[in-house]
Number of protein chains: 2
Amino acid sequence: MAHKTDIEIARKASKLPIQQIGQKLGIAWEHLLPFGHDKAKISEAFVASLADRPDGKLILVTAINPTPAGEGKTTTTVGLGDGLNAIGKKAAICIREASLGPCFGMKGGAAGGGYAQVIPMEEMNLHFTGDFHAVTSAHNLLSAMIDNHIYWGNALEIDQRRVVWRRVMDMNDRALRDVVTSLGGVTNGFPSQSGFDITVASEVMAILCLSTDLADLNARLGDIIVAYRRDKTPVYCRDIKADGAMTVLLQQAMQPNLVQTLENNPAFVHGGPFANIAHGCNSIVATKTALKLADYVVTEAGFGADLGAEKFMNIKCRKANLAPAVVVVVATIRAMKMNGGVAKADLGQENVAAVQAGCANLGRHIENVKSFGVPVIVAINHFATDTQAEANAVKDYVTTQGTEAIMCRHWAQGSAGITDLAIRVAAIADADMANFAPLYPDDMPLFEKIQTIARRIYRADDVLADKKIRDQLRAWEDAGYGHLPVCMAKTPYSFSTDPNLRGAPTGHSVPVREVRLSAGAGFIVAICGEIMTMPGLPRVPSAETITLNGAGQIDGLF
Amino acid sequence: MAHKTDIEIARKASKLPIQQIGQKLGIAWEHLLPFGHDKAKISEAFVASLADRPDGKLILVTAINPTPAGEGKTTTTVGLGDGLNAIGKKAAICIREASLGPCFGMKGGAAGGGYAQVIPMEEMNLHFTGDFHAVTSAHNLLSAMIDNHIYWGNALEIDQRRVVWRRVMDMNDRALRDVVTSLGGVTNGFPSQSGFDITVASEVMAILCLSTDLADLNARLGDIIVAYRRDKTPVYCRDIKADGAMTVLLQQAMQPNLVQTLENNPAFVHGGPFANIAHGCNSIVATKTALKLADYVVTEAGFGADLGAEKFMNIKCRKANLAPAVVVVVATIRAMKMNGGVAKADLGQENVAAVQAGCANLGRHIENVKSFGVPVIVAINHFATDTQAEANAVKDYVTTQGTEAIMCRHWAQGSAGITDLAIRVAAIADADMANFAPLYPDDMPLFEKIQTIARRIYRADDVLADKKIRDQLRAWEDAGYGHLPVCMAKTPYSFSTDPNLRGAPTGHSVPVREVRLSAGAGFIVAICGEIMTMPGLPRVPSAETITLNGAGQIDGLF
């Protein structure tokens, strides 16, 4: 039987009206703000009304280091949510929104795959409910107001060379990375060197995802540092008086979005910060709301566990006072083989030895997650080429790590393929075995925080940072930012900063090239390698073949 | 009694669920795509299903040349729609969407005023249903794909100096008017001089508003000229293969938006092209849909009748095969006085002589509109300072022009204040007195079209255009664009190109500085004066005082 494509499966889905999905969670129609008949936002008033309810169990889905073979983290998140519902549990999922720009480069699909998808997938990959457009507008309003302030006399005495707030666009457009603005004469302002990032890299996006309510959002927006004076004192967004209007632009975007899985279970899809210069998780508001409405909430974090789970624990959980009950680490036998040194072209061949060699990567992630005091279970996302011997090799290895690996066939079978995992995850969560704590306390000096992550998660021998960087960190401590967590920006492909170093490397060092203060979001970014904040399009962008077909359906997006 | 502000009135409105507004027009719930509970889009399928129904009567609201005193064209459009409903007619209104960017500069409010407003006014001035964001994304996708094509080898042999497609942002941001992109080295492309316009100035916006359906939209997008080769041959959007993906991005934006007036009557608010370099009317799709669903459709055109009504007739009606049954010219006594030479500070003083002097401006608009074969009536939008003698002066003057002027108090009283006008407008429309024809035939040479508008509408003696411009127009004729209408871009404040020349000037000449081909939208733009396509923010932008108040309401937007 020929496999159906994701989009073929999604088009055949029998969607329920979003009103009925809301009813499953006890949300009255007046508190659902519909966007079409299959998407809705949940009103602020309703979200606020939930404060005194008990929380459900939080389940984090993370993964080994990504390889070109693909791991299926979102697919497993969606599948596990459906699986929990299938075994009679009241469960919801929480994932990030997709970025519009990259969809026109490579084929999209941030909504799961196979029989474990969130729908409507086309709209989730396009404008969805407009949240990213709102972030773009809010960000660029601040940019315009900074330049406008300088234009009309610069009462705040901003050093024009030290404006650190760029512009954003939700588009892959390399031409905008580095631009000179305000050319053309007196009426256009003062020429200055600047640039655009993609919207998901905006600090506004991180703030949206870390704010607990509109008042917190407004305060954090006000805290953004937009520029410095000649004396190096910072100029804040609130000095520019942009925070109020930005909050207004983001009012609706702060409301969590509700959609559904192929099996008509509730899915919260809200926010989408970068997983390198930001923390890479869906919004705190969505996660907290889901926890009030469901007994089990399955969520995911960007990249592998070394970046995604670490930031989920140390940034999101710390700020939101959340504690995961259990963590699922997703692995595939194909990815194990790649970690074991097999080339992509040879992944179809059985190779137990390579699988065994690649398991070291998985093993370290298991150990790392456990160090947060949280129980771990491994989900093997099944591919048709997997052999029994290879599967046994992973299972045996995981057993030696003191946990268990369960084969999951949700991609091909939906919830029916993942009930084993669902039963075990629910049992572990119900047993309240977790004793969660972040990796470092708030009051640890900033450079020590970086060292702690590098040594305990990446297993590096050392962190390299020249005096200028260490002085900067101390200056931020003196300025009152020492309590912030650090947000590591490094390659997702390795525990080290060398993307080609697969498996479980040791003996490496982590060079910190640059540090940045995201004072509104509330973290220090430590940049360890080349970080691209505005992607380009490939030679043949997928946009060239995206069209409406005769039936008004979108072809070429997936 | 202290007058309530527009926003106070709007907040006290008793809105009906948008489902009920749809029901009034016979639109089933599945064909309404809700955006919250008070806004909806109308499905393509439903719009297409209406093709064989008879059309209602089309009523155009236009105005004298705008003055700082304000005319209230949108307010009168909304009031007349409510007035027609109040006298038992089935009427709908069609207006443009507001642009987000300018809202943060000056206080907004493109939704009428007083007791003649469309609601929800806050959202109409912010993200609304996302149409403008979709236009921005579609426009900038094309920009990114052009630069990406050049980056990857430039197979189309685009002359990089002759890329005519800029970028857009829905923001007042003077710093973006003139920029150099692709700085920073090899991986960022080839440095080039470019810039941003505000989204409403995008040709994509004009195309959205002039397309009859998605297939027409796709074809028009493909027709956009984005660049020229060294041999001056044009490169089209379809050569870049961006048209399909742009159509996908605009699919939802093509669906007309339905909202309501304060009196719960249906209002179509869709599209918003600039009224200078574009044609300045709401979408053809919205107008045609409204005509199928209502017996009377009241719509408006941007600026005064010299620009707005002229383009409505010669561009929109020509392309959409529409014919207005009656035209309402809005005037105020205050504006008559300003046209008669009174300063703004003195408008509160009775001055019958100045009113009489200013009537010349109104008279010429009446004559012009009549020259299209359409009956005209004048609405005097009442202000508290108007005196009976002044009102009589206008009425007497209008009678000498062979038509009538009716005092309207919809701003203060809603539909009850405008029933006299509604009764007369309905009677004129029902009498089928119009014998509409555009001002010039398709096959008139382009330069003659410009001359025809300048002589017959502006009453200029002559059009000045140097050889280069006339050669360009002939070249476009040779290239097959000679059948297009012309879209005049000149100051709205005078019949002439001098904004200070009020009243009804004669003996002037119209200098054409530049001509542009909007091959996708389907018109030639003749630029006669400084046209600003990216506004700036004022010294104290209104954004500084826009905030959410304690009740979650938006303060400072109006």
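Under an unreviewed UniProt entry, chain A has the name Formate--tetrahydrofolate ligase and belongs to Pontivivens nitratireducens. UniProt annotates chain A under Catalytic activity (unreviewed entry) with the comment "(6S)-5,6,7,8-tetrahydrofolate + formate + ATP = (6R)-10-formyltetrahydrofolate + ADP + phosphate".

(A) Expanded view of the relation of the copies chain B and chain A. Expressed as a screw operation, the relation of chain B to chain A combines 0.0 Å of axial shift with a rotation of 180°, fitting to an RMSD of 0.0 Å. The two molecules are tied by a two-fold rotation axis, judged by turn and shift. By C-alpha distance to the rotation axis, the residue of chain B lying nearest is Phe35 of chain B, at 2.3 Å. Mapped onto chain A, 100% of the interface residues of chain B are again interface residues, and the two copies thus contact each other with one and the same surface.

(B) Expanded view of the UniProt feature "binding site: ATP" (unreviewed entry) in chain A. Residues and elements named next belong to chain A. Within this structure's numbering, the places UniProt gives as "binding site: ATP" (unreviewed entry) are Thr67, Pro68, Ala69, Gly70, Glu71, Gly72, Lys73 and Thr74. Tracing the sequence through the fold places Ala69 in the loop between strand 3 (57-63) and helix 4 (73-86). Residue classification places Ala69 among the buried residues on the basis of a relative accessible area of 9%. Dropping the residues within four chain positions of it, Ala69 is found in contact with Arg334, Ala335, Met338, Leu347 and Phe383. Structurally, the position occupied by Gly72 is in the loop between strand 3 and helix 4. Gly72 gets classed as partly exposed once you look at its relative accessible area, which sits at 24%.

(C) The domain arrangement of chain A, seen in detail. Residues and elements named next belong to chain A. Domain parsing of chain A yields domain 1 (132-250) and domain 2 (446-528). Of note, the centres of domain 1 and domain 2, computed from C-alpha atoms alone, are 25 Å apart. Between domain 1 and domain 2, the residue contacts involve nine residues of the former and eight residues of the latter. Interface area for domain 1 against domain 2, summed over the two sides, is near 590 Å², with a carbon-plus-sulfur share of 53%. At the junction of domain 1 with domain 2, the criterion picks out zero salt bridges. Put simply, domain 1 and domain 2 have six residue pairs in polar contact (both at pLDDT 80 or more) between them. Those elements giving two or more residues to the side of domain 1 that touches domain 2 turn out to be helix 8 (203-210) and helix 9 (214-223). Per-element tally for the side of domain 1 that touches domain 2: the top contributor is helix 8, with four residues. Residue composition of the side of domain 1 that touches domain 2, by class: six nonpolar, no polar and three charged.

(D) Just helix 15 (residues 352-370) of chain A, in detail. All names here are of chain A. Its 19 residues give helix 15 an end-to-end C-alpha distance of 26 Å, which sits within 8% of 27 Å, the value for a rise of 1.5 Å per residue. Along its length, helix 15 shows its largest kink, about 30°, at Ala360. All buried positions along helix 15 are accounted for by Ala354, Val355, Gly358, Cys359, Asn361, Leu362, Gly363, Arg364, His365, Ile366, Asn368 and Val369.

(E) Representation of the pattern of salt bridges within the structure. According to the stated counting rule, one finds 50 salt bridges over all chains in the structure shown. Linking Arg161 of chain A and Asp159 of chain A is a salt bridge whose minimum nitrogen-to-oxygen distance equals 2.8 Å. Residues Arg513 of chain B and Glu530 of chain B are paired through a salt bridge, measuring 3.7 Å at the closest nitrogen-oxygen approach. Linking Arg513 of chain B in the loop between strand 22 (509-511) and strand 23 (514-518) with Glu530 of chain B in the loop between strand 24 (523-528) and strand 25 (547-548), this pair joins segments that are 17 residues apart in sequence. Here Arg513 of chain B falls in the partly exposed class, since its relative accessible area comes to 49%. Exposure remark for Glu530 of chain B: the relative accessible area of 68% places this residue in the exposed category.

(F) Representation of the sheet that holds strand 12 (residues 225-229) of chain A within the structure. Residues and elements named next belong to chain A. Here we have three strands laid out as an open sheet, ordered 7-12-13, and antiparallel in their pairing. The open sheet has two edge strands with one neighbour each: strand 7 (158-163) and strand 13 (234-236). For this sheet, the mean angle separating the axes of adjacent strands, direction not counted, is 50°. The strands touched by helix 7 (residues 131-151) within the sheet are strand 7 and strand 12, with strand 7 carrying the most contacts at an inclination of about 135°.

(G) The arrangement of the packing of aromatic side chains in detail. Residues and elements named next belong to chain B. As enumerated under the stated definition, the model contains five aromatic pairs over all chains in all. Geometrically, the ring pair formed by Phe372 and Phe436 is stacked, given 6.5 Å between the ring centres and 10° between the ring planes. Placement of the pair is Phe372 in the loop between helix 15 (352-370) and strand 18 (376-381) and Phe436 in the loop between helix 18 (419-430) and helix 19 (446-456), with a sequence separation of 64 residues. The residues Phe372 and Phe436 share a single accessibility class, namely buried.

(H) Region of interest: the state of the cysteines. Residue and element names in this part refer to chain A. Tallied over the entire structure, the rule returns zero disulfides over all chains. Left without a disulfide partner, Cys487 is nearest to the cysteine sulfur of Cys281, which lies 9.3 Å away. Judged by its relative accessible area of 0%, Cys487 falls in the buried class.

(I) The interface of chain B and chain A, seen in detail. In this assembly, 66 residues from chain B lie in contact with 66 residues from chain A. Our enumeration of links across chain B and chain A arrives at two salt bridges. Where Asp173 of chain A meets Arg167 of chain B, a salt bridge forms, and the shortest distance between an N and an O atom there is 2.9 Å. Linking chain B to chain A there are 33 residue pairs in polar contact (both at pLDDT 80 or more). Considering every element that reaches the side of chain B that touches chain A, the biggest residue donor is helix 7 (residues 131-151) of chain B, with ten residues. Of the residues that constitute the side of chain B that touches chain A, the class distribution is 35 nonpolar, 20 polar and eleven charged.

(J) Representation of unusual backbone geometry within the structure. Residue and element names in this part refer to chain A. Here the amide bond leading from Ile119 into Pro120 is cis, since omega sits at 0°, within 30 degrees of zero. Here Pro120 lies in the loop between strand 6 (116-119) and helix 6 (121-124). With a phi angle near 60°, Glu157 is a residue other than glycine that sits in the positive phi range. Here Glu157 is to be found in the loop between helix 7 and strand 7.

(K) Structural context of the sheet that holds strand 23 (residues 514-518) of chain A. Residues and elements named next belong to chain A. In spatial order, the strands read 21-24-23; together these three strands make up an open sheet with mixed pairing. Two strands bound the open sheet, and with one partner strand each, they are strand 21 (486-489) and strand 23. For this sheet, the mean angle separating the axes of adjacent strands, direction not counted, is 25°. Where helix 19 (residues 446-456) meets the sheet, its contacts fall on strand 21 and strand 24 (523-527), and the angle it forms with strand 21 comes to roughly 50°. The strands touched by helix 20 (residues 467-481) within the sheet are strand 23 and strand 24, with strand 23 carrying the most contacts at an inclination of about 15°.

(L) Looking closely at the pairing of strand 18 (residues 376-381) of chain A. Residue and element names in this part refer to chain A. In terms of burial, strand 18 is a largely internal element, six of the six residues being buried. In strand 18, alternate side chains face the same way, and those of Val376, Val378 and Ile380 on one face and Ile377, Ala379 and Asn381 on the other are all buried. Across five bridges, strand 17 (residues 326-331) lies against strand 18 in parallel orientation. From the neighbouring strand, Val328 faces strand 18, where its bridge partner is Ile377. One ladder, built from four bridges, connects strand 18 with strand 19 (residues 405-408); its direction is parallel. Directly across from Val378, in strand 19, lies its bridge partner Ala405. In this fold, the crossover linking strand 18 to strand 19 by way of helix 16 (residues 388-400) has right-handed handedness.

Cut-off values and rules
- Residues numbered from 1 in each chain as written.
- Chains lettered and ligands numbered in written order.
- Predicted model: local features only at pLDDT ≥ 70, side-chain atom pairs only at ≥ 80, totals over all residues.
- Heavy atoms only, no water.
- UniProt positions renumbered as here; feature names shortened; annotations may be inferred.
- Least-squares fit on C-alpha atoms with pLDDT ≥ 70 in both.
- Contact = heavy atoms within 4.5 Å.
- Helix = DSSP H or I, 4+ residues; strand = E, 2+ residues; numbered from the N terminus.
- Buried < 20%, exposed > 50% of the residue type's maximum accessible area, 1.4 Å probe, protein only.
- Domains from an automatic or database assignment.
- Buried area = accessible area lost by both parts, 1.4 Å probe.
- Salt bridge = Lys/Arg side-chain N within 4 Å of Asp/Glu carboxyl O.
- Polar contact = N/O pair within 3.5 Å; in protein donor to acceptor, adjacent residues only side chain to side chain.
- Nonpolar A, V, L, I, M, F, W, Y, C, P; charged D, E, K, R; others polar.
- Expected span 1.5 Å × (residues − 1).
- Bend = angle between axes of the 7 residues up to and from the residue.
- Pairing = 2+ DSSP bridges.
- Axes fitted to C-alpha atoms, helices over the stretch in contact; angles between N-to-C directions.
- Phe/Tyr/Trp six-rings, centres within 6.5 Å; stacked < 30°, edge-to-face > 60°.
- Disulfide = S-S within 2.5 Å.
- Right-handed = clockwise from strand over helix to strand, strands pointing away.

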